[in-house]
Amino acid sequence: MVIGQGVAVVTGASSGIGRATTMALAAEGWRVALLARRVGRLEALAAEIAGAGGEAMIAAVDCADGAAVAAAADRVRSVWAPPSLLVNSAGAGVWRFLEETRHDEIDAMIGAPYLAAAHASRAFLGDMIAAGRGRLIHVGSPASIIPWPGATAYAASRWALRGLHEALRQDLRGTGVTSSLVTFGEVSSEYFAANPGSRQFIPKIGGLIPVSTPERCAEVILGVVRRPRATVYHPLALALIAWSAAVLPGPTRWLIAGTGRRH
Ligand SMILES: NC(=O)c1ccc[n+]([C@@H]2O[C@H](COP(=O)([O-])OP(=O)(O)OC[C@H]3O[C@@H](n4cnc5c(N)ncnc54)[C@H](OP(=O)(O)O)[C@@H]3O)[C@@H](O)[C@H]2O)c1
């Protein structure tokens, strides 16, 4: 089913992949609701969209807070209409060995992306199922193909996101609503600046995967809006690693661990 330009909600809209996706959707005529915590950034982006003739509304919320997300969803519904598209891009987290990760860091990582995606999807799924149409797109990480050493809680939260997507795929069969997991290799966003100390844990094999810009990621996501697919990897080198992990899990795990850092 083709989804036309209507109302879209993007979590993590204040930066990186979410921000670029928001801009691309607005340029295509979508009315976009922007969710993230930093209100100044959301206001600036909404003003930029309005300046270009688009429509945006903002909700400065911690998406790990289910009640706050539900309140934001009510506002989107009452001011505009139920969305036909939700892009779950809110996510953060430092890469560390588990015993070196603080309790609050573990909580924050499960908060976004996993809880954020679960709460936002829950907030809009009923509307989408009732309408018989809708797209859920979750931004995933290569850590949920096979983890690398030293990003333990980060990887676990991305596996939780992947689990949410796989469970939703089963739930949503025959409803007209789709769930997609779109996984990127390294992206030139603010992620590593926002999560200092993480980059040093990228395994050497990661050097084979070209870095994507947030704008290129947005193009990939808009491609999934037009033609939904359950699982998408970008770029091609990452798709090859995912294929290798599926058919040769042992050697692929060995390669990723062997080119990563050790204690
Ligand atoms: N960058 C990469 O190399 C890469 C590669 C593959 C996958 N990914 C994944 O893609 C996702 C987005 O990353 P990015 O590269 O776009 O990073 P980014 O530029 O740091 O953006 C992260 C976004 O998530 C929002 N966010 C974080 N925690 C939130 C929370 N609790 N509630 C609401 N919003 C929250 C941030 O907004 P506020 O701080 O304003 O709340 C920000 O808008 C992450 O899950 C990341 O793991 C990234």
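Everything numeric here is computed off the predicted structure, so don't read it as measured data.

Analysis parameters
Residues numbered from 1 in each chain as written. Predicted model: local features only at pLDDT ≥ 70, side-chain atom pairs only at ≥ 80, totals over all residues. Near = placed C-beta within 6 Å. Helix = DSSP H or I, 4+ residues; strand = E, 2+ residues; numbered from the N terminus. Nonpolar A, V, L, I, M, F, W, Y, C, P; charged D, E, K, R; others polar. Axes fitted to C-alpha atoms, helices over the stretch in contact; angles between N-to-C directions. Left-handed = near helix turned anticlockwise from the far one by under 90°. Contact = placed C-beta atoms within 7 Å. Pairing = 2+ DSSP bridges. Expected span 1.5 Å × (residues − 1). Buried ≥ 20, exposed ≤ 12 C-beta atoms within 10 Å, placed from the backbone. Arc of directions from axis to C-beta. Core = buried A, V, L, I, M, F, W, Y, C linked by C-beta atoms within 7 Å. Parallel < 35°, antiparallel > 145°, perpendicular 65-115°, else oblique.

Novice: Just give me the short version of the site of the ligand, but keep the residues and values in it.
Specialist: Surveying the vicinity of the ligand reveals 31 residues, the closest of which are Gly-12, Gly-16, Arg-37, Gly-91 and Ser-189. Among the secondary structure elements, those contributing two or more residues to the shell around the ligand are α1 (16–27), α4 (103–131) and α6 (191–194). The element contributing the most residues to the shell around the ligand is α4, with four residues. Residues of the shell around the ligand, tallied by class, amount to 14 nonpolar, 11 polar and six charged.

Novice: Describe the packing of helix α3 (residues 66–79) against α4, listing the residues and the values that go with them.
Specialist: Contact geometry for α3 and α4: axes closest at 9 Å, N-to-C directions at 35°. Crossing hand, α3 versus α4: right-handed. In contact with Gly-66, Val-69, Ala-70 and Ala-73 of α3, α4 contributes His-119, Ala-120, Ala-123 and Phe-124.

Novice: I'd love a proper account of the sheet that holds strand β7 (residues 231–234), names of residues and values included.
Specialist: One open sheet holds the seven strands; their spatial order is β3-β2-β1-β4-β5-β6-β7, and the pairing between them is parallel. Edge positions in the open sheet fall to β3 (55–60) and β7, since each of these has one partner strand only. Averaged over all neighbouring strand pairs, the angle between strand axes comes to 15°, with direction disregarded.

Novice: Talk me through unusual backbone geometry; I want residue IDs and the actual numbers.
Specialist: For the peptide bond that leads from Ala-112 to Pro-113, omega is 25°, which places it in the cis range. Inspection of the secondary structure puts Pro-113 in helix α4.

Novice: If you had to explain α3 to someone new, which residues and values would you point to?
Specialist: Here α3 is 14 residues long and its end C-alpha atoms lie 20 Å apart, about the 20 Å a rise of 1.5 Å per residue gives. Residues of α3 that are buried: Val-69, Ala-72, Ala-73 and Val-76. In an axial view of α3, the angular spread of the buried residues amounts to 105°, which keeps them on one side of the axis. Residues of α3 that are exposed and point over 90 degrees away from its buried face: Ala-67, Asp-74, Ser-78 and Val-79.

Novice: How would you explain the nonpolar core if you had to name every residue and give the values?
Specialist: With 59 residues, the main nonpolar core has Ala-8, Val-9, Val-32, Leu-34, Leu-35, Cys-63 and Ala-120 as its most contacted residues. Broken down by element, the residue count for this core peaks at 10 residues, all from α4. Not counting residues up to four positions away in its chain, the partners in contact with Val-9 are Ala-33, Leu-35, Val-76, Pro-83, Leu-86, Ala-120 and Phe-124. Listed in part, the nine residues of the second largest apolar core include Trp-95, Met-109, Ala-155 and Ile-256.

Novice: Before we move on, can you summarise the packing of α4 against helix α5 (residues 152–171) with the specific residues and values?
Specialist: Look at α4 against α5: their axes get within 8 Å of each other, and the N-to-C directions meet at 15°. Overall, the two elements α4 and α5 adopt an arrangement that is roughly parallel. The interaxial crossing formed by α4 with α5 has right-handed handedness. Listed contacts from α5 to Glu-105, Ile-106, Met-109, Ile-110, Pro-113, Tyr-114, Ala-117, Ala-118 and Ser-121 of α4 are Ala-153, Tyr-154, Ser-157, Arg-158, Ala-160, Leu-161, Leu-164 and Leu-168. Across the contact of α4 with α5, the residue classes tally to 13 nonpolar, two polar and two charged.

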